[in-house]
Amino acid sequence: MSQFNDRLDDIVRQLQAGYQSSELFFNKKGLERPNRATIIDILDDFRKLLFPGYFGPEQPTRISAPYFAGQMLTHIYERLYPQIKIALAYQEGSLTSSVDIRAQEAATEMMLELPRLQKLLLIDVEAALNGDPAAGSREQIILSYPGLRAIFIYRIAHELYIRNIPYIPRIMTEHAHSRTGIDINSGATIGEYFFIDHGTGVVIGETTNIGNNVKIYQGVTLGALSTRAGLKLAGKKRHPTIEDDVTIYSNASILGGNTVIGRGSTIGGSAFITSSIPPFSRVSVKNPELTVDDFGERAYEASGNA
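Residues numbered from 1 in each chain as written. Predicted model: local features only at pLDDT ≥ 70, side-chain atom pairs only at ≥ 80, totals over all residues. Heavy atoms only, no water.

Think of a sheet as strands paired side by side through backbone hydrogen bonds, with each pair either parallel or antiparallel. Strand order in the open sheet made by the five strands is β3-β6-β9-β12-β14, with parallel pairing throughout. Edge positions in the sheet fall to β3 (195-196) and β14 (282-283), since each has one partner strand and no second. The pairing of strand β12 (residues 266-267) with β14 spans two bridges and is parallel. For Ile267, the partnering residue across the bridge sits in β14 and is Val283. (Pairing = 2+ DSSP bridges. Helix = DSSP H or I, 4+ residues; strand = E, 2+ residues; numbered from the N terminus.)

Structure, rendered in C-alpha cells:
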C-alpha cells in the first residue's frame, strides 16, 4: 500500500493530462450526456408495456389494462423525453427551445407508434412459433428467445433512428448485442414476420433492407464490403437487400450495398456472397471432402489412450 501511496500523485497527474488532451472527457458547456442506465431502464419499461404480465410484477386484467397502459405510457414518456432532449442538446452544443420542441415531438411520436409496434412484434412471435419446432409456445418465445428480444429492441430503436435522435438508438441496440449476441443496427429496415433462430453472432448492418417473412440463423452477417473510408461512407447504401421469403442458414456472409438476394431464395450455411442472387435460387457451398483414417483397435491401444 505504501508503494501505491508514493505513486498516487504521479498517476493522478498523468490521468489529468490525459483528460485535458481530449474533449471527450468533459461535458460540452455544462451539457449532460444521455444516461445509458436510464435508457436501458426505459427499454425494460417498453417491454413491460408491450408484453404485460411477462417482465414485471404487474398482472393487469382486462378491466385494469387501460389504467396499466396509461400509467406506463406516462412513466415512459416522462423518462424518455428528457433523455431525447439531452441527446439533441449535446449533439447541437446548446439547449434551445427548438431542441425542446423536437424532443417533445419525437417522444410523443414514439408513444403513438407503440400500438403498431406491438402488432408487429406479435407477428414476429408467430414467425418464431412457425419457424422453430422446439418453440413450444408463444409464451416461451416471449419469455426466453434472444432473437425476439433483439428484434424488440431494434424496433424501438429504429423509430428513434428515423427521427434523427442521436446516441440513444445505438445505446439500445448495443445493449441488445451485449445481452443476446445479436447485433442489429438501428438504421436497418426490417419487414414483418422476421425470425432469428438461435441468433448468436448475427450481424445486420445499418443500411440493410430486409423484406417480409425472412428467417436467418446464427452467425449470419449482412455487412459491408469495406469500411476503410470510415465516415465518408455515412449515408451510403453499404449493406445488402434481402427480399421477401428468404432463408439464410448459419454462418453465411452477404456483403455489399448492391447485393440483392431475390425473393424466395435459400442461402446455404457458410456461403460468402458479394453479388446479387436471382429470385427463387438455392445457394449452397460444396461440402469439403471428409477423410476418416481408421487405424484399428491395436493402434489405439498402442497410443496409450486405452
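Together, Phe4, Leu8, Ile11, Val12, Leu15, Tyr19, Leu24, Phe25 and Phe26 make up an exposed nonpolar region whose accessible area comes to about 850 Å². Within the secondary structure layout, Ile11 lies in helix α1 (residues 2-20). (Patch = residues over 30% accessible without salt bridge, like charges linked within 9 Å, V, L, I, M, F, W, Y side chains within 5 Å. Areas by Shrake-Rupley, 256 points an atom, 1.4 Å probe, with all protein chains shown as cover. Salt bridge = Lys/Arg side-chain N within 4 Å of Asp/Glu carboxyl O.)

Below, the discussion takes up the pattern of salt bridges. In this structure the tally under the stated criterion is 16 salt bridges. The salt bridge partner of Asp41 is Arg79, with a shortest N-O separation of 3.7 Å. Of the two residues, Asp41 is situated in helix α2 (residues 36-50) and Arg79 in helix α3 (residues 65-92); the sequence distance between them amounts to 38 residues. You can call Arg79 partly exposed: its relative accessible area is 25%. (Buried < 20%, exposed > 50% of the residue type's maximum accessible area, 1.4 Å probe, protein only.)

Our next topic: unusual backbone geometry. Of note, the phi angle at Tyr193 is positive, near 60°, even though the residue is not glycine. Structurally, Tyr193 can be placed in the loop between β2 (189-190) and β3. Relative accessible area serves as the criterion here: at 25%, Tyr193 is assigned to the partly exposed category. Residues other than glycine seldom take positive phi values, yet Asn213 does so here, at roughly 55°.

A separate point is the side chain of Thr208. Within the secondary structure, Thr208 sits in the loop between β4 (203-204) and β5 (209-210). Note on Thr208: relative accessible area 0%, which makes it buried. A polar side-chain atom of Thr208 sits 2.9 Å from the main-chain carbonyl oxygen of Gly205. If we skip the residues at most four places from it in the chain, Thr208 touches Ala188, Thr189, Leu222, Lys237, His239 and Pro240. (Polar contact = N/O pair within 3.5 Å; in protein donor to acceptor, adjacent residues only side chain to side chain. Contact = heavy atoms within 4.5 Å.)

Time to look at the packing of aromatic side chains. Any pair of aromatic rings gets described here by the distance separating the centres and the angle formed by the planes. All told, the structure shown has five aromatic pairs when counted by the stated rule. Pairing Phe51 with Phe55 gives two aromatic rings, centres 6.5 Å apart and planes at 80°, and the pair type is edge-to-face. Here Tyr77 and Tyr81 contribute two aromatic rings whose centre-to-centre distance is 5.8 Å and whose plane-to-plane angle is 15°, an arrangement assigned as stacked. A residue pair is termed a helical-turn pair when its members lie 3 or 4 positions apart in one helix, as Tyr77 and Tyr81 do in helix α3 at four residues. Tyr77 sits in the partly exposed class, given a relative accessible area of 23%. In textbook terms, an aromatic cluster arises when at least three aromatic residues are bridged by ring pairs, as seen for Phe51, Tyr54 and Phe55. Note that Arg47 overlies the ring of Phe55, its terminal NZ or CZ placed 3.8 Å from the centroid. (Phe/Tyr/Trp six-rings, centres within 6.5 Å; stacked < 30°, edge-to-face > 60°. Lys NZ or Arg CZ within 6 Å of the ring centre and 35° of its normal.)

Okay, the side chain of Thr259 next. Among the secondary structure elements, Thr259 is positioned in the loop between β10 (253-255) and β11 (260-261). Setting aside anything within four residues of it in sequence, one finds Thr259 in contact with Pro240, Thr241, Ile254, Ile273, Thr274, Ser275 and Ser276.

This paragraph deals with the environment of Tyr77. Separated by 21 residues in the primary sequence, Tyr77 and Ser98 place their C-alpha atoms 18 Å from one another. Sequence-distant contacts of Tyr77, that is, excluding residues within four places in its chain, are made with Pro82, Gln104, Ala107, Thr108 and Met111.

Moving on, we come to the packing of α2 against helix α7 (residues 168-180). One can describe the packing of α2 onto α7 by two numbers: an axis separation of 10 Å at closest approach and a directional angle of 70°. The angle between the axes of α2 and α7 places the two elements in the roughly perpendicular class. Between α2 and α7 the crossing geometry is right-handed. Mapping the contact onto sequence places Arg36, Ile39, Ile40 and Leu43 in α2 and Ile168, Ile171, Met172 and His175 in α7. In terms of residue class, the contact of α2 with α7 is built from six nonpolar, one polar and one charged. (Axes fitted to C-alpha atoms, helices over the stretch in contact; angles between N-to-C directions. Parallel < 35°, antiparallel > 145°, perpendicular 65-115°, else oblique. Left-handed = near helix turned anticlockwise from the far one by under 90°. Nonpolar A, V, L, I, M, F, W, Y, C, P; charged D, E, K, R; others polar.)

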